[in-house]
Amino acid sequence: MACIDPQTLIQSKIDRRLTQYRESPRLEGVMRAYLKEAAEAQNLACRMIEFFDLDKAVGDQLTILGGLIGWPRCHCAGQLRPIFGFECIDECGPPTVPVAGFCEAEWDCGGPEYVEFCFTDDELYRGFLKARVIANRGDYSRHGLTLAARAVFGPDAVIYIEGQGRVSVATGRLLTSIEISIAHLYRQALPIAPGVRLDIWHGNGPAFGFGDGWGGFCNGAFPVQITIN
């Protein structure tokens, strides 16, 4: 958005004064004084918008945008606790639950299933915010869901399966252990109509199929469904 220089804005207003007042330097001085304050305030507000561009904002700016959009950085029950174990992708297929090794996972001693999660990665957070914007518009169309899914998962995300009261999204890539552990948050962020269940599938690349975002014969992968309680 191009912001108008305060002096240009002031002069544009001065030029509109009535003819009978054009020969009054004192009146013009008063008008310029008041217009200067208004023009500087307008210019400041205009420049602030640049710092709250969803595509460019970082850190606290992104946090403020998240509050306005209705998607805060921290969620009380935002992350499923990782299960102790080790990933086995090549032989066993993509993981369907969050798995972590010795130093990252906790033994299940009766603690809460979900713990607080805060988005520390701005890019991960940005994707959720973009998806939430589409959801706030109430755009539950295939186009809207595809755009939102690609905002959080990447350009190869597609609507994988559709059925009565159920829709599945294939991510087009492997999700990280963190992304798997917050899979239930995708259900809250993506534009899914009330009464419809969202499932998430991920794999070693674009899903087998044809068209934009699909992997085709040679490179298509067969994704697996992530377990979401």
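Values in this document were obtained by computation on a predicted structure and should not be read as measured data. (Residues numbered from 1 in each chain as written. Predicted model: local features only at pLDDT ≥ 70, side-chain atom pairs only at ≥ 80, totals over all residues. Heavy atoms only, no water.)

**Some points on the overall build of the protein chain**
Part 1 of the reasoning: Each helix and strand counted, the protein chain has nine helices and eight strands in total.
Part 2 of the reasoning: Relative to its 229 residues, the protein chain shows a buried fraction of 38%.
Part 3 of the reasoning: Across the protein chain, every contact between residues at least 6 apart in sequence was considered, and the portion connecting residues at least 24 apart equals 64%.
Part 4 of the reasoning: Carbon and sulfur atoms make up 57% of the accessible area of the protein chain, which totals about 13,500 Å². (Helix = DSSP H or I, 4+ residues; strand = E, 2+ residues; numbered from the N terminus. Buried < 20%, exposed > 50% of the residue type's maximum accessible area, 1.4 Å probe, protein only. Contact = heavy atoms within 4.5 Å. Areas by Shrake-Rupley, 256 points an atom, 1.4 Å probe, with all protein chains shown as cover.)

**Concerning the pairing of strand β5 (residues 158-163)**
Looking down a regular strand, the side chains alternate between one sheet face and the other.
Part 1 of the reasoning: The sheet contact formed by β5 and strand β6 (residues 166-170) spans five bridges and is antiparallel. Across the sheet, Gly163 pairs through a bridge with Arg166, a residue of β6. (Pairing = 2+ DSSP bridges.)

**Section: the pattern of salt bridges**
Pairing is possible between side chains that carry opposite charge, provided their charged atoms lie close to one another.
Part 1 of the reasoning: Following the criterion strictly, the structure yields nine salt bridges and no others.
Part 2 of the reasoning: The closest approach of N and O atoms between Arg32 and Glu28, which form a salt bridge, is 3.1 Å. Remark: Glu28 and Arg32 occur in helix α2 (residues 25-50); sequence separation between them is four residues, near one turn of the helix.
Part 3 of the reasoning: The class of Glu28 is partly exposed, set by a relative accessible area of 21%. (Salt bridge = Lys/Arg side-chain N within 4 Å of Asp/Glu carboxyl O.)

**A look at the packing of aromatic side chains**
The description of two aromatic rings rests on the distance between their centres and on the angle between their planes.
Part 1 of the reasoning: Under the definition given, this model contains seven aromatic pairs.
Part 2 of the reasoning: Look at Phe128 and Tyr186: their rings are 4.8 Å apart centre to centre, the planes differ by 25°, and that puts the pair in the stacked class. Note that Phe128 is positioned in helix α5 (residues 122-136) and Tyr186 in helix α8 (residues 183-189), a separation of 58 residues in sequence. A single burial state applies to Phe128 and to Tyr186, both of which are buried.
Part 3 of the reasoning: Ring centres of Tyr160 and Trp201 lie 5.4 Å apart, and the angle between their planes is 50°; this geometry places the pair in the tilted category. Here the residue Tyr160 occupies a position in strand β5, and Trp201 occupies one in strand β7 (residues 197-202), the gap between them amounting to 41 residues.
Part 4 of the reasoning: Given the relative accessible area of 23%, Tyr160 is considered partly exposed. (Phe/Tyr/Trp six-rings, centres within 6.5 Å; stacked < 30°, edge-to-face > 60°.)

**With respect to the nonpolar core**
Part 1 of the reasoning: Ranked by size, the top nonpolar core spans 36 residues in total, and within it Trp71, Phe119, Phe128, Phe153, Tyr186, Leu190 and Ile200 carry the most contacts.
Part 2 of the reasoning: Of all the elements in the fold, those that place two or more residues in this core are α3 (59-69), α5, α6 (142-153), β6, α8 and β7.
Part 3 of the reasoning: Not counting residues within four places of it along the chain, the set of residues in contact with Ile200 comprises Phe153, Val169, Thr171, Leu175, Tyr186, Val224, Gln225, Ile226 and Ile228. (Core = buried A, V, L, I, M, F, W, Y, C linked by side-chain atoms within 4.5 Å.)

**Brief notes about the side chain of His184**
Part 1 of the reasoning: Mapped onto the elements, His184 comes out in helix α8.
Part 2 of the reasoning: Within the structure, the side chain of His184 is placed 3.0 Å from the backbone oxygen of Ala77, a separation counted as a polar contact.
Part 3 of the reasoning: Apart from residues lying up to four places away in sequence, His184 is in contact with Ala77, Gly78, Gln79, Leu80, Tyr114 and Ile228. (Polar contact = N/O pair within 3.5 Å; in protein donor to acceptor, adjacent residues only side chain to side chain.)

**Thoughts on a nonpolar patch on the surface**
Part 1 of the reasoning: Together, Leu18, Tyr21 and Leu27 line one region of the surface with nonpolar side chains, adding up to about 270 Å² of accessible area.
Part 2 of the reasoning: For Leu27, a relative accessible area of 31% corresponds to the partly exposed category. (Patch = residues over 30% accessible without salt bridge, like charges linked within 9 Å, V, L, I, M, F, W, Y side chains within 5 Å.)

**A short note on the side chain of Ser168**
Part 1 of the reasoning: With respect to the helices and strands, the residue Ser168 is situated in strand β6.
Part 2 of the reasoning: If we ignore the near neighbours within four places in the chain, the residues touching Ser168 are Val158, Ile159, Tyr160, Ile161, Asp199 and Trp201.

**Overview of the sheet that holds strand β8 (residues 224-225)**
Part 1 of the reasoning: With mixed pairing, the four strands of this open sheet are ordered in space as β5-β6-β7-β8. The open sheet has two edge strands with one neighbour each: β5 and β8.
Part 2 of the reasoning: On the sheet, α6 packs against β5, β6 and β7 and is oriented at approximately 135° with respect to β5. (Axes fitted to C-alpha atoms, helices over the stretch in contact; angles between N-to-C directions.)

Geometry only, nothing functional implied.
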